[in-house]
Amino acid sequence: MKIGVLTGGGDCPGLNPAVRGVVFRATARGHTVEGFLDGWKGLMEGKSVPLDRARVRNSIGKGGTLLGTSRTNPFKTEDGAKKVLATLASKGIDALVAIGGDDTLTAGRELLRRGGKVVGVPKTMDNDVNGTDWTFGFDSASSVAVDALERLRDTAESHHRVIVLEVMGRHAGWVALATGLAGGADYTLLPEEPFNETALVQAVQRAVRERGYALVVASEGTSVSPKLKSGEAEKDDFGHEILREKGVGPYLAGLLEKRAGVECRSAVIGHIQRGGPPTLFDRLLATRLGVKAVDLIDAQQFGKVAVLRGEEVVGVSFDEAVGTSKRVGASWLDLLHTFDG
Ligand code: F6P
């Protein structure tokens, strides 16, 4: 068989190990692999490169994606779908591995509905894909954010300040949760909870009283600022607001300076948390999922997404994996707020 592979949506550490897993398993089984460039855009435009073991061999520890990526949605227009099907036919692709988050996998499901032979591999630093226990990219990105918080702690402690760290996370607060919990923040704000200004101010005041400084973590998608009213921001191809200009962190720092009467600063980690080498966990998970994707193809299990369930990697339907995002639930929130202030 000739297997196509693409990486779509925001890059994250683990994409290269996943592609490497696809290539090693596929070539071991006598298949050839074609890598499409820049996600669905490459499939629409017919841009691809052959992938062999030599090409991916040294990529296990490399962040980003060697194939490139984009937020292009080919199914926004009927013309796009036609172009994708034409490319698959002209390049002789027997099956496609779509590696991406909810948007990329939803596009994969669209292709499936149009007769394409597709399997999916979930990724995202946001960890918000349903149907899998964890996504690769999340552990690496959260580890970078924890490191950033530790560095901010040095300044906060030395200057007796409050510092707010704004992390990514559009609809789901998994990165904020992990950063706040593992980095020892005094308060953490996530999109899953309504903004509780009183609780935030109390936690910060208590931390300042008890140890002279405070650390706050805020997910970029938290609804705290009047500027965050939906509809104001530019949107991407999948209809998501581009949040980079919205400024949750600076807004909170300004508010806390007034309400808590302490000198405040904020830092936005942004795309820094998405780069760098994948962690051990992400290397292993991505490798297993890439390999599983080929196993699903070999078993003619099209329409399946390779996911982590407990210790096992299994295939679930696209319907189970996409459509609704996985949010931080009540027991995590209870754990998080145990450490307020
Ligand atoms: O989807 C992952 C994500 O990192 C979100 O948390 C963030 O809002 C978005 O990507 C940023 O996207 P871009 O790289 O297109 O600015």
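For every chain, the first residue of the written sequence is number 1, and numbering continues from 1 onward in sequence order. Residue-level local features of this predicted model are given only where pLDDT is at least 70; pairs of side-chain atoms are given and counted only at 80 or more, and the full residue set underlies all totals for whole chains, interfaces and linings. Remark: hydrogens and water are excluded; side-chain values derive from all non-hydrogen atoms of the structure.

## Considerations on the nonpolar core
So, step 1. Nonpolar cores were defined as sets of buried Ala, Val, Leu, Ile, Met, Phe, Trp, Tyr and Cys residues, with membership established by side-chain atoms within 4.5 Å. A simple rule labels every residue: compare its accessible area, found with a 1.4 Å probe on the protein chains alone, to the largest value its type can have, and call it buried under 20%, exposed over 50%, or partly exposed in between. The biggest cluster of nonpolar side chains holds 57 residues, and the ones touching the most others in it are Val5, Val19, Leu51, Val97, Ile99, Phe136 and Val167.
So, step 2. Domain boundaries shown here were taken from an automatic or database domain assignment. For this core, the two domains that each supply at least three residues are domain 1 (2-136 + 278-321) and domain 2 (139-275).
So, step 3. Any two residues whose heavy atoms approach within 4.5 Å are treated as being in contact. When sequence neighbours within four positions are dropped, the list of residues in contact with Val167 reads Ala145, Val175, Ala176, Thr179, Val217, Ala218, Ser219, Glu220, Ile269 and Gln273.
So, step 4. Counting 23 residues, the second-largest nonpolar core is a separate cluster that includes Met44, Ile93, Val129 and Val307.

## Structural notes on unusual backbone geometry
Apart from glycine, the bulk of residues carry a negative phi angle, and the bulk of peptide bonds sit in the trans form.
So, step 1. Of note in the backbone geometry, His160 takes a positive phi value of approximately 55° without being a glycine.
So, step 2. Here His160 falls in the exposed class, since its relative accessible area comes to 52%.
So, step 3. Positive phi, normally seen in glycine, also occurs at Gln300, with a value near 60°.
So, step 4. By definition, any uninterrupted DSSP run of H or I lasting at least four residues is a helix, any uninterrupted run of E lasting at least two residues is a strand, and each is numbered from the N terminus. Mapped onto the secondary structure, Gln300 falls in the loop between helix H10 (280-298) and strand E10 (304-309).
So, step 5. Overall, Gln300 belongs to the exposed group, its relative accessible area being 52%.

## Looking at the site of the ligand
So, step 1. A single heavy atom is enough: if one lies within 4 Å of a molecule or strand, its residue is considered near that molecule or strand. Taken together, Arg71, Met125, Asp126, Met168, Gly169, Arg170, Glu220, His271 and Arg274 make up all the residues around the ligand.
So, step 2. Between Gly169 and the ligand, the recorded distance is 3.2 Å, taken from a backbone N or O atom to an oxygen atom.
So, step 3. Classifying every residue of the shell around the ligand gives two nonpolar, two polar and five charged.
So, step 4. Taken together, domain 1 (2-136 + 278-321) and domain 2 (139-275) each give at least three residues to the shell around the ligand, which thus spans both. Residues adjacent in sequence count toward polar contacts only when both atoms are side-chain atoms; beyond that, a polar contact is any pair of N or O atoms within 3.5 Å, and within protein one must be able to donate a hydrogen and the other to accept it. Gly counts as polar in this scheme, as do all residues outside two lists: the nonpolar Ala, Val, Leu, Ile, Met, Phe, Trp, Tyr, Cys and Pro, and the charged Asp, Glu, Lys and Arg.

## Quick notes on the pattern of salt bridges
So, step 1. Should a side-chain nitrogen of Lys or Arg be within 4 Å of a carboxyl oxygen of Asp or Glu, the pair is scored as a salt bridge. Taken as a whole and judged by the stated rule, the model has 18 salt bridges.
So, step 2. For Arg109, the salt bridge is made with Asp319, and the minimal N-O distance between the two is 2.7 Å. Placement of the pair is Arg109 in helix H5 (residues 102-113) and Asp319 in helix H11 (residues 318-321), with a sequence separation of 210 residues.
So, step 3. Judged by its relative accessible area of 54%, Asp319 falls in the exposed class.
So, step 4. Taken together, the salt bridges that share partners define one network made up of Arg25, Arg29, Asp295 and Asp298.

## Section: the sheet that holds strand E7 (residues 187-189)
So, step 1. Strands qualify as paired when DSSP identifies two bridges or more between them. Overall, parallel pairing links the four strands, which are arranged E7-E8-E6-E9 in an open sheet. Each edge of the open sheet is held by one strand with a lone partner, namely E7 and strand E9 (264-268). Pairs of neighbouring strands in the sheet enclose a mean axial angle of 20°, with direction left out of account.
So, step 2. Bridge count for strand E6 (residues 162-167) against strand E8 (residues 214-219) is six bridges, and the pairing is parallel. The residue of E8 that forms the bridge with Val164 is Val216.
So, step 3. Where helix H6 (residues 138-159) meets the sheet, it contacts E6, E8 and E9, and its direction lies at approximately 165° from that of E6. All axes here are fitted lines through C-alpha atoms, helices being fitted over the stretch that makes contact, and every angle between N-to-C directions spans 0 to 180 degrees.

## So, the packing of aromatic side chains
So, step 1. Note on aromatic contacts: the rings of Phe and Tyr and the six-membered ring of Trp form a pair at centre separations within 6.5 Å, being stacked when their planes are under 30 degrees apart, edge-to-face when over 60 apart, and tilted otherwise. Enumeration according to the criterion identifies four aromatic pairs in this entry.
So, step 2. Each ring, one from Trp134 and one from Phe138, has its centre 5.7 Å from the other, and the planes form 10°; the classification is stacked.
So, step 3. Residue class for Phe138 comes out buried when judged on its relative accessible area of 9%.
So, step 4. Among the aromatic side chains, those forming a connected cluster through ring pairs are Trp134, Phe138, Trp174 and Trp332.

## A few points about the packing of helix H7 (residues 174-183) against helix H12 (residues 330-337)
So, step 1. Put simply, H7 and H12 touch, their axes get as near as 10 Å, and they point 30° apart. The chirality of how H7 crosses H12 is left-handed. Facing Trp174, Leu177 and Leu181 of H7, the residues of H12 in contact are Trp332, Leu335 and Leu336.
So, step 2. Its residues placed into classes, the contact of H7 with H12 shows six nonpolar, no polar and no charged. It is the rotation of the near helix from the far one that decides the hand of a crossing: anticlockwise by less than a right angle makes it left-handed, clockwise makes it right-handed.

## Looking at the domain arrangement of the protein
By a widely used convention, the size of an interface equals the accessible area lost when the partners come together.
So, step 1. In terms of domains, the protein is made up of domain 1 (2-136 + 278-321) and domain 2 (139-275).
So, step 2. Relative to domain 2, the C-alpha centre of domain 1 lies at a distance of 32 Å.
So, step 3. Facing 17 residues of domain 1, the contacting portion of domain 2 comprises 17 residues.
So, step 4. The term buried area refers to how much accessible surface (probe radius 1.4 Å) is lost by two components on association, counted for both of them together. Here domain 1 and domain 2 share an interface that buries about 1700 Å² over both sides, 53% of which is from carbon and sulfur atoms.
So, step 5. Considering only the side of domain 1, the residues that lose the most area to domain 2 are Arg71, Asp103 and Met125, jointly responsible for 38% of the buried surface there.
So, step 6. In this assembly, domain 1 and domain 2 are joined by one salt bridge.
So, step 7. For the salt bridge of Arg274 with Asp11, the shortest nitrogen-to-oxygen distance reads 3.1 Å.
So, step 8. Taken together, the links from domain 1 to domain 2 amount to five residue pairs in polar contact (both at pLDDT 80 or more).
So, step 9. Per-class residue counts for the side of domain 1 that touches domain 2 are five nonpolar, five polar and seven charged.

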